[in-house]
Amino acid sequence: MSVLAHVFEAAGIATVVLSSVREMAAKVSPPRTLHCEFPLGRPLGIPGDPVFQHDVLSRAFALLEAPSGPVFVEHPVVIEADGQPVACSLPPRFDASVPPAVDEASGLRKAYDRSLAKRGVTSVGRAVQAASIPDVLGMLHAVALGADWTTVGFPGGNTTAICHDIRTYYEEAALELVDGPAPGGRAMEDWFFDRTEAGGTVLAARAAMRDAGVKFPIWFYMTPGQR
Amino acid sequence: MNGDQAMRTHAALLPAPQFPDPAWVTPKPLTQSTVAIVTSAALHAPDDARFAAGDTGYRLLDQDSRNLAMGHWSPNFDHMGFKLDLNVVYPIDRLEELALRGVIGAVAPRHVSFAGNQPDDVSTIRLDTGPAAAAELRRDGVDVAIFTPV
């Protein structure tokens, strides 16, 4: 973002960056920066809070009044990512003949479909469509038990894209299952990896691939780096 | 160390290009300015081409579009906030409210989306796709751009 700000400014457009990494903004030094120590992925701070979002924009646009730059200002509010998984119902075990994650994903399909119908858009589909999520979880289950990841039939063979689709399917289904205020940053990630059978299966498959000597990029980006 | 702290620590150590003679635009009054959003969230309309891993291109987002997908490849940040309220990444409704109140002159008819996970040398967005996107906004009469990272 900071690099692009220099490019756009050179094209004649006045720019303001809402930065999320203080050190990077300091190094690249775009013309005007409002540093926002908010959860990554939420540059305006709080979903569903227009008042707070307007406060961020107001402070950002105020930087346009500076006669010269670079200008670097910090938003006074710090918002930490949640350290607790969101409370979200999961389907009961139904078919004991399949791995738990496969059963679980099948049980979430109606919630996912309701979410898609309501929002009209989905980010699932990078490697697999929603109907195939239980199938790829079955493949990951096999990998976690020691199968060679190259032989289980991963569609397209891109583990990052497959795991993206699984996690996104769960998050979009969860939109229909969580009540109350918007979950904080990372609360849905924590729910997926710490509470669901699918998250546990992804983590177990990733660990098995790492331990089997699979190349780093193939297993590492299946989950957030800190996991 | 939580995920955000880990990512910020990692990102702080990434190589950063230098701009020894940076441009500076003295903007006209905000009340007369047309404002656009530039985001690195890899947002795209459902019928746009999806972002590939390491995609150095951009997508133009129509002002009226709200059914946007997030096509970013990184698993290392929260995607849920956007799904709950796109304005937390792409504050298009907030800009329209500011235009109605006369705080800004107008909302741009098109906005720009890049993917934040660029190759380390960022040469393509710096020399090719970045200038091309800026030229598109200039053609739309954009005076001010607010940049929203993820």
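Structure report, in brief. (Residues numbered from 1 in each chain as written. Chains lettered and ligands numbered in written order. Predicted model: local features only at pLDDT ≥ 70, side-chain atom pairs only at ≥ 80, totals over all residues.)

## Comments concerning the interface of chain B and chain A
Phase 1: Residue-level contacts link 64 residues of chain B with 68 residues of chain A.
Phase 2: Listing elements by their share of the side of chain B that touches chain A, those giving two or more residues are helix H1 (3-12), strand S4 (69-70), helix H2 (80-84), helix H4 (123-127), helix H5 (129-139) and strand S7 (144-148) of chain B.
Phase 3: For the side of chain B that touches chain A, the class distribution of residues is 43 nonpolar, 11 polar and 10 charged.
Phase 4: Bridge count between strand S1 (residues 14-19) of chain A and S7(B): 4 bridges; the pairing is parallel. The residue bridging A:Val16 from the neighbouring strand is B:Ile146, located in S7(B). (Contact = placed C-beta atoms within 7 Å. Helix = DSSP H or I, 4+ residues; strand = E, 2+ residues; numbered from the N terminus. Nonpolar A, V, L, I, M, F, W, Y, C, P; charged D, E, K, R; others polar. Pairing = 2+ DSSP bridges.)

## What to know about the pairing of strand S6 (residues 110-114) of chain B
Regular strands show a simple pattern: their side chains alternate between the two faces of the sheet.
Residues and elements named next belong to chain B.
Phase 1: Burial within S6 is extensive, with 4 of its 5 residues counted as buried.
Phase 2: The pairing of strand S1 (residues 34-39) with S6 spans 2 bridges and is classified as parallel. Bridge pairing links Val-38 to Val-112 in S6.
Phase 3: Pairing of strand S3 (residues 58-62) with S6, which is carried by 5 bridges, proceeds in the antiparallel orientation. Considered in S6, the bridge of Tyr-58 is made with Phe-114. (Buried ≥ 20, exposed ≤ 12 C-beta atoms within 10 Å, placed from the backbone.)

## Overview of the nonpolar core
Phase 1: Formed by 67 residues in total, the largest nonpolar core has its most connected members in A:Leu4, B:Ala145 and B:Phe147.
Phase 2: The contacts of A:Leu4, once residues within four sequence positions are left out, are B:Val38, B:Phe114, B:Ile125, B:Gly130 and B:Phe147.
Phase 3: Residues A:Val128, A:Tyr170, A:Ala187 and A:Val202 belong to the second largest nonpolar core, which totals 41 residues. (Core = buried A, V, L, I, M, F, W, Y, C linked by C-beta atoms within 7 Å.)

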